[in-house]
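# Topology and contacts: notes
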Amino acid sequence: MNFGKSRQWSVIGRHLNSRVSSRNIFDLASRSTPVFSKRGHLAWVSLGVFLLGGGIIYNQIPSENQTSFMTRVHCNALDEDRRIKLKEEVTDSSSMRLRMEQYVKNLQKKIVAELEALDGKSFKVDTWKRKEGGDGVSCVLQEGNVFEKAGVLVSVVYGQLPQAAVEQMKSRHKEINPAHGPFPFFAAGISIVLHPHNPMAPTIHLNYRYFEITNEDGTPKVWWFGGGSDLTPSYLFEEDAIHFHKTLKNACDKHDLDYYPRFKKWCDEYFFIKHRQEARGVGGIFFDDLDDKSPDELFRFAKECGDAFLSSYVPILIRRKDMPYNNYEKRWQQLRRGRYVEFNLIWDRGTKFGLQTPGARIESILASLPLTAAWMYDFKPEDNSREAKLLEILKTPKSWIS
């Protein structure tokens, strides 16, 4: 097996994302078009759904209609939430909108502080407000000591659903009558992708979100939670995969014993590179359209999963970030990151729909890509090598815990 000079490498160089722009870089929540699940329910999939500095639904509208569309947006929920935030503290009796917003912003601060302590370099922090309603904080670190590229982003968006989205949703939610629109919506969430330098340390992705359609008085008409977290190693350490899955299972089991097996299967099926017939990584959990319990119960579940992020990943990172590696192993990491790029550009529904959207923020949509990646013609690892063993696992996703 030889990565020698005779091979032609195609590398996505550092110039792709070498500049951190103020509002659109590394917004992992930049899937700017909603897509629809098999259940007919509006599904915010993959690396996130919250468009940095702009409306999710707004970017689905043809550019010539965007201005007139947004001038019609009015949401009593927005007015009420603004009033409460000015005069009151957010409590357990506050709306789910305010509780989710407060939670993801606090979680972001906690995670960023922990990652900065590990890396030794500070994140660039970009706060923004959206005049139509909503705000967010984008924390980005590139070319750090531990992380080649890292982003921890929060978005809060108010807007209105377009007719096409309402038509798709009515099959599941009979209470939504397209003739009674427009329908104000709210979306809030946190998105994370971390790409370490060391090929022994895995990439991780996380996204947790809350979506709500509101009545005229600001009360919820329809709501649901979505999200998940998954691990993508270049070199497999089984103890790492076991630790990651066990942490997620513990979080799930506190709320529903059916959640972990159900959401692990969903994750394995979603993050699968069909043209390669292999998974993107060793999985985790993935769920959407989740409204099978009360909002309070599912909010506690979402928080349990979000709070499990550091304990699921940091011990792995600490074990692997300073391990020795050679040029061959680094190049294998670049090949695996090439697979990461292939999945996001070819199979990720959010990316595909976003790229087809008039007026979409392309830099934001592509921000989930690693800083560097590579492709090598017809590369096959040696039999029984660590690289070959990883591919065996990726071809047939396995159960990591009993």
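Everything discussed here concerns the structure shown above.
## Describing the overall build of the protein
- On a plain count of helices and strands, the protein comes out with 12 helices and 13 strands.
- In the protein, which comprises 402 residues, the proportion classed as buried is 60%.

## Looking at the pairing of strand E5 (residues 134-142)
- Counting buried positions along E5 yields nine of nine residues, so the element is predominantly enclosed.
- For strand E4 (residues 124-129) and E5, the ladder comprises six bridges, and the chain directions are antiparallel. Each residue of the ladder has a partner; that of Asp126, found in E5, is Ser138.
- In this antiparallel pair of consecutive strands, E4 and E5, the connection spans four residues, and Gly133 shows a positive phi of 130°.
- Pairing of E5 with strand E6 (residues 147-161), which is carried by nine bridges, proceeds in the antiparallel orientation. Note on E6: the bridge partner recorded for Val140 is Gly151.

## Comments concerning a nonpolar patch on the surface
- There is a patch of nonpolar side chains on the surface, built from Leu345, Ile346 and Leu355 and spanning about 220 Å² of accessible area.
- Its relative accessible area of 38% is what places Ile346 among the partly exposed residues.

## Comments concerning the nonpolar core
- Core analysis: the largest hydrophobic core is formed by 75 residues, its most contacted members being Phe147, Ile190, Leu194, Phe225 and Phe309.
- In terms of residue count, helix H3 (residues 96-119) provides more of this core than any other element does, nine residues in total.
- When residues no more than four places from it in sequence are discounted, the contact partners of Phe225 are Met96, Met100, Arg209, Tyr210, Phe287, Asp288, Asp289, Leu290, Pro295, Leu298, Phe299 and Ala302.
- Membership of the second largest hydrophobic core comes to 10 residues, among which are Val157, Phe185, Phe211 and Ile213.

## Observations regarding the pattern of salt bridges
- All chains considered together, the criterion is met by 28 salt bridges.
- Measuring nitrogen to oxygen at the nearest pair gives 2.7 Å for the salt bridge that ties Glu80 to Arg83. Note that Glu80 and Arg83 are positioned in helix H2 (residues 76-87) at a spacing of three residues, about one turn of the helix.
- Assessed through its relative accessible area of 34%, Arg83 is described here as partly exposed.
- Two residues, Arg319 and Asp240, come together in a salt bridge whose shortest N-O distance is 2.7 Å. Here Asp240 lies in helix H5 (residues 238-253) and Arg319 lies in helix H8 (residues 309-320), a separation of 79 residues in the sequence.
- What makes Asp240 buried here is its relative accessible area of 4%.
- Taken together, the shared-partner salt bridges in this structure form one network comprising Lys85, Glu101, Lys105, Lys129 and Asp135.

## Overview of the sheet that holds E4
- An order of E4-E5-E6-E7-E8-E9-E12 is seen for the seven strands of this open sheet, with the pairing classed as antiparallel. The sheet is open, and its two edges are formed by E4 and strand E12 (283-290), each paired on a single side. When the angles between neighbouring strand axes are averaged without regard to direction, this sheet yields 10°.
- Looking at chain direction, strand E8 (residues 203-214) and strand E9 (residues 220-232) are connected through 12 bridges and run antiparallel. Considered in E9, the bridge of His205 is made with Asp230.
- Sheet strands in contact with H3 are E5, E6, strand E7 (183-196), E8 and E9, and its direction is about 170° off that of E6.
- Sheet strands in contact with H8 are E6, E7, E8 and E9, and its direction is about 15° off that of E7.

## Concerning the packing of aromatic side chains
- All chains considered together, the criterion is met by 21 aromatic pairs.
- When the ring of Tyr103 is compared with that of Phe299, the centres are 6.2 Å apart and the planes differ by 90°; the resulting orientation is edge-to-face. Placement of Tyr103 in helix H3 and of Phe299 in helix H7 (residues 295-307) is noted, with a sequence separation of 196 residues between them. Phe299 shares its class with Tyr103; the two are buried.
- With 5.0 Å between their ring centres and 65° between their planes, Tyr158 and Phe186 make a pair best called edge-to-face. One end of the pair, Tyr158, is in strand E6; the other, Phe186, is in strand E7, with 28 residues separating them in the sequence.

Cut-offs applied
Residues numbered from 1 in each chain as written. Predicted model: local features only at pLDDT ≥ 70, side-chain atom pairs only at ≥ 80, totals over all residues. Heavy atoms only, no water. Helix = DSSP H or I, 4+ residues; strand = E, 2+ residues; numbered from the N terminus. Buried < 20%, exposed > 50% of the residue type's maximum accessible area, 1.4 Å probe, protein only. Pairing = 2+ DSSP bridges. Patch = residues over 30% accessible without salt bridge, like charges linked within 9 Å, V, L, I, M, F, W, Y side chains within 5 Å. Areas by Shrake-Rupley, 256 points an atom, 1.4 Å probe, with all protein chains shown as cover. Salt bridge = Lys/Arg side-chain N within 4 Å of Asp/Glu carboxyl O. Core = buried A, V, L, I, M, F, W, Y, C linked by side-chain atoms within 4.5 Å. Contact = heavy atoms within 4.5 Å. Axes fitted to C-alpha atoms, helices over the stretch in contact; angles between N-to-C directions. Phe/Tyr/Trp six-rings, centres within 6.5 Å; stacked < 30°, edge-to-face > 60°.

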